[in-house]
Amino acid sequence: MVKAFAARHGSALRSLAMVGGTLATAAAVVVGAVLAVFFAATVAVIAIMASALLAFAGLAMRARRTARAKARADGLIEARHLGGHHWVAYGWNERS
């Protein structure tokens, strides 16, 4: 009867293999959870940086539109050509 039980259920190393497999599975689950948290944090940081980039782009576009509107409303400024690529502008800093 003992021989039949041992033949039917395998050797003692089978139980050690089951314990090792359980430990390996638990380690894989822990590593997967850590990687999931890491990548979720990475995505959150990228989202924050992208929203800051869009905010700065919006501010730049608004400033650009405002600068164009002021330049068109006042007209031209005085400038003097000094030769070559050198110009001197007058009156641009006195605008309100």
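No experiment lies behind these values; they were computed from the predicted model shown. (Residues numbered from 1 in each chain as written. Predicted model: local features only at pLDDT ≥ 70, side-chain atom pairs only at ≥ 80, totals over all residues. Heavy atoms only, no water.)

Turning next to the overall build of the chain. Counting its secondary structure elements, the chain contains two helices and two strands. Each helix and strand of the chain, placed in order from N terminus to C terminus, yields the pattern α-α-β-β. Looking at the chain as a whole, 0% of its 96 residues qualify as buried. Working note: accessible area of the chain is about 8,800 Å², and carbon and sulfur atoms make up 72% of it. (Helix = DSSP H or I, 4+ residues; strand = E, 2+ residues; numbered from the N terminus. Buried < 20%, exposed > 50% of the residue type's maximum accessible area, 1.4 Å probe, protein only. Areas by Shrake-Rupley, 256 points an atom, 1.4 Å probe, with all protein chains shown as cover.)

Two elements, strand E1 (residues 78-83) and strand E2 (residues 86-90), share five bridges in a ladder whose sense is antiparallel. By the bridge assignment, Arg80 is partnered in E2 with Val88. Adjacent in sequence and paired antiparallel, E1 and E2 are bridged by two residues, among which Gly84 carries a positive phi angle near 65°. (Pairing = 2+ DSSP bridges.)

This paragraph deals with the packing of aromatic side chains. Throughout the structure, instances matching the rule amount to one aromatic pair. Ring centres of Phe38 and Phe39 lie 5.3 Å apart, and the angle between their planes is 70°; this geometry places the pair in the edge-to-face category. (Phe/Tyr/Trp six-rings, centres within 6.5 Å; stacked < 30°, edge-to-face > 60°.)

Let us now look at the confidence of the model for the chain. Here the chain shows a mean pLDDT of 81. Residues at 70 or above account for 72%. When pLDDT is averaged over each helix and strand of the chain, the minimum, 57, is found for helix H1 (residues 2-9) and the maximum, 88, for helix H2 (residues 12-74). (pLDDT = per-residue confidence, 0-100.)

So, on to a nonpolar patch on the surface. On the surface, a nonpolar cluster with roughly 410 Å² of combined accessible area is contributed by Val31, Leu35, Phe38 and Phe39. Position of Leu35 relative to the elements: it lies in helix H2. (Patch = residues over 30% accessible without salt bridge, like charges linked within 9 Å, V, L, I, M, F, W, Y side chains within 5 Å. Salt bridge = Lys/Arg side-chain N within 4 Å of Asp/Glu carboxyl O.)

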